[in-house]
Amino acid sequence: MSVPRPQAGAAIGDRRALVRRLAVELDEGLLELALTHRSYAHEAGGIPTNERLEFLGDSVLGLVVTEYLFRRHPDVPEGDLAKMRAATVSQRALASIARELGLGGHILLGRGEVVTRGAEKDSILSDTLEAIIGAIYLSHGLEVARGIVERLCAPLLADARRLGASLDWKTTLQEIATLHSLPAPVYAVQSSGPDHDRTFTATATVGEFVGTGVGSSKKVAEHGAAEAAYDLVTAAFATDGL
């Protein structure tokens, strides 16, 4: 006895559009498994979920991205490479790729996840993308998977150095200040607005360079200020040829 699908998502035939975007052929059964979230599997009587494929895809993704960064950035130390990799394979980054693929409309979700808009959640989107990568690896091997990962992640890989820095702008600003023998960053924060809707404005001062950031919390504002100051310092020393 078949169990009706508990979501009003894309029909099976619509998956051809997803396959075209991926630019790789996948067995229909394996693709469906990659799209099967545990919430759907539970409501369908305990059928297999995409979690094993996600586990495999996570490893394939990590290997491909790590090797790419290692080869592309021979001058970057291990610590910075680790930041670059973390930013490239982060939940938020992978979810953005999944959205570009239109993946959310194809994920098989249980009723509860449909009600809470599970197809839009970063966690579900990123996990499903990893499951898709696992399915591609099983079907076609590492080299095909590598090509697809590098194509899907191309914008992230191209900006990996900056994305890695963005994991902690305050630390990154401190590091570049030390590199160029500048004073340690000094932060100042002001707030405005009613208690229930405060706006915070921060400045990060490094010698003659002053960056400004605005946010709904002190942390967010300081983070933005550090990024702005980092950009100023980087631009100044690049102009000087240092």
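Right above here is the structure, for reference.
To start, this report covers the structure provided alongside it.

Conventions and cut-offs
Residues numbered from 1 in each chain as written. Predicted model: local features only at pLDDT ≥ 70, side-chain atom pairs only at ≥ 80, totals over all residues. Heavy atoms only, no water. Helix = DSSP H or I, 4+ residues; strand = E, 2+ residues; numbered from the N terminus. Buried < 20%, exposed > 50% of the residue type's maximum accessible area, 1.4 Å probe, protein only. Contact = heavy atoms within 4.5 Å. Areas by Shrake-Rupley, 256 points an atom, 1.4 Å probe, with all protein chains shown as cover. Lys, Arg positive; Asp, Glu negative; His and termini not counted. Charge placed at Lys NZ, Arg CZ, Asp CG, Glu CD. Pairing = 2+ DSSP bridges. Axes fitted to C-alpha atoms, helices over the stretch in contact; angles between N-to-C directions. Parallel < 35°, antiparallel > 145°, perpendicular 65-115°, else oblique. Nonpolar A, V, L, I, M, F, W, Y, C, P; charged D, E, K, R; others polar. Expected span 1.5 Å × (residues − 1). Arc of directions from axis to C-beta. Phe/Tyr/Trp six-rings, centres within 6.5 Å; stacked < 30°, edge-to-face > 60°. Lys NZ or Arg CZ within 6 Å of the ring centre and 35° of its normal.

Considerations on the overall build of the protein
Here is step 1 of the chain: Helix and strand counts for the protein stand at 13 helices and 3 strands.
Here is step 2 of the chain: Overall, the protein is about 70 × 50 × 25 Å in size when its C-alpha atoms are taken along their principal axes.
Here is step 3 of the chain: The proportion of buried residues among the 242 residues of the protein is 40%.
Here is step 4 of the chain: If you take every contact in the protein between residues at least 6 apart in sequence, the share linking residues at least 24 apart comes to 57%.
Here is step 5 of the chain: Of the roughly 13,000 Å² that the protein leaves accessible, carbon and sulfur atoms contribute 55%.
Here is step 6 of the chain: Positive and negative side-chain charges of the protein, numbering 24 and 31 respectively, have mean locations separated by a distance of 3 Å.

A short note on the sheet that holds strand 3 (residues 209-215)
Here is step 1 of the chain: Overall, antiparallel pairing links the 3 strands, which are arranged 1-2-3 in an open sheet. Among the strands making up the open sheet, the edge pair consists of strand 1 (186-192) and strand 3. Each neighbouring strand pair of the sheet contributes to a mean axis angle of 15°, computed without reference to strand direction.
Here is step 2 of the chain: Sheet topology note: the strand 2 (residues 199-206)/strand 3 ladder contains 7 bridges and is antiparallel. Residue pairing in the sheet places Thr205 in a bridge with Val210 of strand 3.

Remarks on the pairing of strand 1
Here is step 1 of the chain: Examined bridge by bridge, strand 1 and strand 2 share 7 bridges and lie antiparallel to one another. By the bridge assignment for strand 2, Tyr187 is matched with Ala204.

A closer look at the packing of helix 4 (residues 51-72) against helix 9 (residues 142-152)
Here is step 1 of the chain: Two numbers describe how helix 4 lies on helix 9: the axes approach to 10 Å, and their chain directions differ by 70°. The angle between the axes of helix 4 and helix 9 places the two elements in the roughly perpendicular class. Facing Val60, Leu61, Leu63, Val64, Val65, Glu67 and Tyr68 of helix 4, the residues of helix 9 in contact are Leu142, Ala145, Arg146, Val149 and Glu150.
Here is step 2 of the chain: Tallied by class, the residues present in the contact of helix 4 with helix 9 amount to 9 nonpolar, no polar and 3 charged.

Comments concerning helix 4
Here is step 1 of the chain: Look at helix 4: 31 Å from first C-alpha to last across 22 residues, which is about the 32 Å you get at 1.5 Å a residue.
Here is step 2 of the chain: All of the buried residues along helix 4 are Leu53, Glu54, Gly57, Val60, Leu61, Val64, Val65, Tyr68 and Leu69. All buried residues of helix 4 lie within an arc of 155° about the axis, which places them on one face of the element. In this structure, helix 4 carries Arg52, Phe55 and Phe70 as exposed residues pointing more than 90 degrees from its buried face.

Regarding the side chain of Ser39
Here is step 1 of the chain: Relative to the assigned elements, Ser39 resides in helix 3 (residues 38-43).
Here is step 2 of the chain: Overall, the relative accessible area of 17% leaves Ser39 in the buried class.
Here is step 3 of the chain: Those residues within four positions of Ser39 in sequence are excluded, and the remaining contacts are Leu109, Gly110 and Glu113.

Things to note about the packing of aromatic side chains
Here is step 1 of the chain: All told, the structure shown has 1 aromatic pair when counted by the stated rule.
Here is step 2 of the chain: A cation sits over an aromatic face here: Lys170 above Tyr187, 4.6 Å from the ring centre.

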